[in-house]
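Each chain, written out:
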Amino acid sequence: MNAPVRNGLSVDVEEWFQVGAFEKVIAPTEWDGLESRVERNVMAILEMFGRAGVTGTFFTLGWIAARHPALVRRIAEAGHEVASHGWAHDRVFMLDAQRFAADLARARDALEQASGQAVTGYRAPSFSIDARTPWAHRVLAEAGYAYSSSVAPIVHDHYGWREAPRFAFRPVEGQAILEIPVTTAEVVGRRMAAGGGGFFRLFPYAVSRWAIRQVNAGGHPAAFYFHPWEIDPDQPRRADAPLRSRLRHYTNLSVMAGKLERLVRDFAWDRMDAVAAREAARLDAVAPAPARIAA
């Protein structure tokens, strides 16, 4: 009997107020004056993962690491990978190559100081590496990153690069850096989001279970993600946010933890760096010419 596919388990570590849904009503200058809930939520996630005996990757903002270094060290000491989510959740397509490189460097310095780990993985805020940022993967490669998980190969109102491959590929010709897109499923020839976050929270658990099984049946690992604020139904409510944003952000917060408890037991999981290493070996074995997207 073949061993189960080991999927990538990841947490995008940010505060409840650092999300795209609230960017028009909460300015970054207000962040330090708002209630911080990231520590209690991350600790609950660490306990959940510990009960299930799984390890994952915590893509963490440098802003968080600078203010909660002990929390980041706790993540590392529990056996998880600490990776970069940028400094302050600026979307990559809002930057240029020089500012992106500076953002990466600032975040990495804070994360490595806090965790004691080398940071080799990156996830763009809001999956914001897309057709508008043909330079982004090259900047990551030049900075020495081993992998990125920053592409959503779907059409979405906030992000998406529909033309990107669904599974791991090398985005820069002649460079070893790997891109591991967030998981999508195919339904009657159309792609749908299936890698976690709002999709996992809003739809019945059976839909995500089916989607991950579909990906695993093809021999591929899923790349799953969620946020600490998604398990926190008691977080502050922002009545001044647009209705659509409030529905996206607050719906089903009370059921998220229970669904995650099922998920971490129903599938085999691993850190994203381990998944990246296996996918790189697979590409080396079957595709001597690295897959890439033409800039």
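Please refer to the structure placed before this passage.
Presented here is a report on the structure given in the accompanying data block.

Cut-off values and rules
- Residues numbered from 1 in each chain as written.
- Predicted model: local features only at pLDDT ≥ 70, side-chain atom pairs only at ≥ 80, totals over all residues.
- Heavy atoms only, no water.
- Helix = DSSP H or I, 4+ residues; strand = E, 2+ residues; numbered from the N terminus.
- Rg over C-alpha atoms; globule rule 2.2 N^0.38 Å.
- Buried < 20%, exposed > 50% of the residue type's maximum accessible area, 1.4 Å probe, protein only.
- Contact = heavy atoms within 4.5 Å.
- Areas by Shrake-Rupley, 256 points an atom, 1.4 Å probe, with all protein chains shown as cover.
- Lys, Arg positive; Asp, Glu negative; His and termini not counted.
- Charge placed at Lys NZ, Arg CZ, Asp CG, Glu CD.
- Phe/Tyr/Trp six-rings, centres within 6.5 Å; stacked < 30°, edge-to-face > 60°.
- Axes fitted to C-alpha atoms, helices over the stretch in contact; angles between N-to-C directions.
- Left-handed = near helix turned anticlockwise from the far one by under 90°.
- Nonpolar A, V, L, I, M, F, W, Y, C, P; charged D, E, K, R; others polar.

Here's the deal with the overall build of the protein chain
Here is step 1: Across its full length, the protein chain carries 10 helices and 10 strands.
Here is step 2: Its C-alpha atoms give the protein chain a radius of gyration of 18 Å, within 12% of the compact-globule value 19 Å for 295 residues.
Here is step 3: For the protein chain, the C-alpha atoms occupy an extent of roughly 50 × 45 × 40 Å along the three principal directions.
Here is step 4: In the protein chain, which comprises 295 residues, the share counted as buried stands at 54%.
Here is step 5: Long-range contacts, defined here as pairs at least 24 residues apart, represent 76% of the contacts in the protein chain between residues at least 6 apart.
Here is step 6: When the accessible surface of the protein chain is totalled, it reaches about 12700 Å², and 52% of it is carbon and sulfur.
Here is step 7: For the protein chain, the distance from the average position of its 35 positive side-chain charges to the average position of its 33 negative side-chain charges is 6 Å.

Concerning the packing of aromatic side chains
Here is step 1: The full count for this structure, using the stated rule, is 19 aromatic pairs.
Here is step 2: When the ring of Phe199 is compared with that of Phe203, the centres are 5.2 Å apart and the planes differ by 35 degrees; the resulting orientation is tilted.
Here is step 3: By relative accessible area, which is 43% here, Phe203 ends up partly exposed.
Here is step 4: Geometrically, the ring pair formed by Phe200 and Phe224 is edge-to-face, given 5.0 Å between the ring centres and 85 degrees between the ring planes.

Things to note about the packing of helix α1 (residues 38-52) against helix α9 (residues 253-266)
Here is step 1: The geometry of α1 relative to α9 is characterised by a closest axis approach of 10 Å and an angle of 35 degrees between their N-to-C directions. Two packed elements cross with a definite hand, and for α1 against α9 that hand is right-handed. Residues Met48, Phe49, Arg51 and Ala52 of α1 lie in contact with α9, whose contacting residues are Ala257, Leu260, Glu261, Val264 and Arg265.
Here is step 2: Split by residue class, the contact of α1 with α9 holds six nonpolar, no polar and three charged.

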